[in-house]
Amino acid sequence: MADRWRSMARALALPLVVTLALEAFARTLGQHSDALAPPSLAFLAWWRAALDGSLWAATGFTLSSAALGLGMGMVGGISLGTLLGLSRRAAAMSFLSIELLRPVPSVALIPIAMLVFGFGLSMEVSVIAFATFWPMLLLAQSAVRQLHPRLLEVAAALQLSAMQRLRLIVLPAVLPRLFVALRLGVAVALVVAVTVEIAANPSGMGYALMIAQQSLDPALMMAWLAWIGVIGYAINAAAEGLQQAAARRMGAAL
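First things first, this report covers the structure right here in the doc. Because the structure is a prediction, the values reported are computed rather than measured. (Residues numbered from 1 in each chain as written. Predicted model: local features only at pLDDT ≥ 70, side-chain atom pairs only at ≥ 80, totals over all residues. Heavy atoms only, no water.)

## Concerning the pattern of salt bridges
Link 1 in the chain: Evaluation of the coordinates by the stated rule reveals 1 salt bridge.
Link 2 in the chain: For Arg102, the salt bridge is made with Glu99, and the minimal N-O distance between the two is 2.9 Å. (Salt bridge = Lys/Arg side-chain N within 4 Å of Asp/Glu carboxyl O.)

Pasting the structure below:
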């Protein structure tokens, strides 16, 4: 227990020092700045947003968009990546198309998504799904490619159908690597969601951050920035915990 507390204290030391330094600077040399505010005022702005409900409404919209887009990108990317990992012919036929589409920045799709879906949830989800689709596809394809050949030989010897081979052999073997893809996809989904809201969609945490900036309210702007960081940390920690729980469960099953 003591080691755990010492480790936590070391982790919090640098953020605490930075916060105190920013507080001192904002109240002395930067007291007339339109871009900086003391962290104490940022916390008060965050508290007011939490009390009036705007914090939770914007957070809920962003997280809903990120979750829906990630879900769509995950289903499509893992499904196609598994297929391409199992079939080298399919991978060769789709190689050029994937390499042409994969480098396209997701934010470049915002104008097209706006024309198709207009403002709102559907537009944001479509851009997030596009952004998360590619890392899921590539990591799933790589994971399936690294399957031990004898596993597939066993499936052939048992005369398993394609669905049985996928369910009993492929997915259990690649599941640990798919959790790595999930953690990457979670981070990408949140970043893209906030970016779309800053650039185009008048909803969510990114839009609230822009409104604070345009209103020349640095305290609220810094509050939203810190809150987005806290949300990102919490989501990544949850994904890591899920990965560790799944690994322990698989280890116990074995």
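Here the narrative resumes.
## So, the nonpolar core
Link 1 in the chain: Formed by 22 residues in total, the largest nonpolar core has its most connected members in Leu55, Met205, Trp224 and Trp227.
Link 2 in the chain: Residue assignment for this core shows that the elements contributing at least two residues are helix H2 (39-52), helix H3 (54-86), helix H8 (162-199), helix H9 (204-214) and helix H10 (218-253).
Link 3 in the chain: In this structure, Leu70, Leu182, Val192 and Ala200 belong to the second largest nonpolar core, which totals 18 residues. (Core = buried A, V, L, I, M, F, W, Y, C linked by side-chain atoms within 4.5 Å. Buried < 20%, exposed > 50% of the residue type's maximum accessible area, 1.4 Å probe, protein only. Helix = DSSP H or I, 4+ residues; strand = E, 2+ residues; numbered from the N terminus.)

## A short note on H2
Link 1 in the chain: End to end, H2 covers 20 Å across 14 residues, agreeing with the expected 20 Å (1.5 Å per residue, within 8%).
Link 2 in the chain: All buried positions along H2 are accounted for by Pro39, Ala42, Ala45, Trp46, Ala49 and Ala50. Burial along H2 is one-sided: seen end-on, the buried residues are contained in an arc of 140 degrees. The exposed set on the far side of H2, more than 90 degrees from its buried face, consists of Arg48, Leu51 and Asp52.
Link 3 in the chain: Once H2 ends, the next one or two residues include Gly53, with phi positive near 90 degrees. (Expected span 1.5 Å × (residues − 1). Arc of directions from axis to C-beta.)

## As for the packing of helix H4 (residues 88-101) against helix H6 (residues 121-145)
Link 1 in the chain: Running from N to C, H4 and H6 point in directions that differ by 150 degrees, and their axes come no closer than 13 Å. The angle between H4 and H6 places the two elements in the roughly antiparallel class. The interaxial crossing formed by H4 with H6 has left-handed handedness. For the pair H4 and H6, the contacting residues are Arg88, Ala91, Ile98 and Leu101 in the first and Phe130, Trp134, Leu137, Gln141 and Arg145 in the second.
Link 2 in the chain: The residue makeup of the contact of H4 with H6, split by class, is 6 nonpolar, 1 polar and 2 charged. (Axes fitted to C-alpha atoms, helices over the stretch in contact; angles between N-to-C directions. Parallel < 35°, antiparallel > 145°, perpendicular 65-115°, else oblique. Left-handed = near helix turned anticlockwise from the far one by under 90°. Contact = heavy atoms within 4.5 Å. Nonpolar A, V, L, I, M, F, W, Y, C, P; charged D, E, K, R; others polar.)

## Comments concerning the layout of surface pockets
Link 1 in the chain: Counted as a void, the largest pocket has a volume near 510 Å³.
Link 2 in the chain: Together, 16 residues line the largest pocket, and Thr19, Met222, Ala226, Trp227 and Val230 are the ones closest to its centre.
Link 3 in the chain: Residue assignment for the lining of the largest pocket shows that the elements contributing at least two residues are helix H1 (2-27), H2 and H10.
Link 4 in the chain: Here the lining of the largest pocket takes 8 residues from H10, the largest share from any one element.
Link 5 in the chain: Of the residues assigned to the lining of the largest pocket, the class counts are 14 nonpolar, 2 polar and no charged. (1 Å grid on protein atoms, 1.4 Å probe; cavity = no way out; pocket = protein on both sides within 12 Å on 5 of 7 lines; lining within 4 Å. Points joined across faces, edges and corners; volume = space filled by probe spheres on them.)

## Focus on the side chain of Glu124
Link 1 in the chain: Turning to its location among the elements, Glu124 is positioned in helix H6.
Link 2 in the chain: Of the buried charged residues, Glu124 lacks a salt bridge, with Arg183 as the closest side chain of opposite charge at 21 Å. (Lys, Arg positive; Asp, Glu negative; His and termini not counted.)

## Overview of a nonpolar patch on the surface
Link 1 in the chain: On the surface, a nonpolar cluster with roughly 520 Å² of combined accessible area is contributed by Leu41, Phe43, Leu44, Trp47 and Leu51.
Link 2 in the chain: Mapping Phe43 onto the fold places it in helix H2. (Patch = residues over 30% accessible without salt bridge, like charges linked within 9 Å, V, L, I, M, F, W, Y side chains within 5 Å. Areas by Shrake-Rupley, 256 points an atom, 1.4 Å probe, with all protein chains shown as cover.)

## Regarding the environment of Val180
Link 1 in the chain: Along the polypeptide, Val180 turns up in helix H8.
Link 2 in the chain: Assessed through its relative accessible area of 45%, Val180 is described here as partly exposed.
Link 3 in the chain: Separated by 41 residues in sequence, Val180 and Leu139 place their C-alpha atoms 8.3 Å apart.

## Quick word on the packing of aromatic side chains
Link 1 in the chain: Tallied over the entire structure, the rule returns 6 aromatic pairs.
Link 2 in the chain: Seen from their ring centres, Trp56 and Trp227 are 5.9 Å apart, and the 85 degrees between their planes marks the pair as edge-to-face. Here Trp56, found in helix H3, pairs with Trp227, found in helix H10; they are 171 residues apart in sequence, far enough to count as distant.
Link 3 in the chain: Plain terms: the ring middles of Phe130 and Trp134 are 5.8 Å apart, the flat faces sit at 80 degrees to each other, and that makes the pair edge-to-face. Of the two residues, Phe130 and Trp134 are both situated in helix H6; the distance of 4 residues between them amounts to about one turn of the helix. Taken as a pair, Phe130 and Trp134 share a single burial class, namely buried. (Phe/Tyr/Trp six-rings, centres within 6.5 Å; stacked < 30°, edge-to-face > 60°.)

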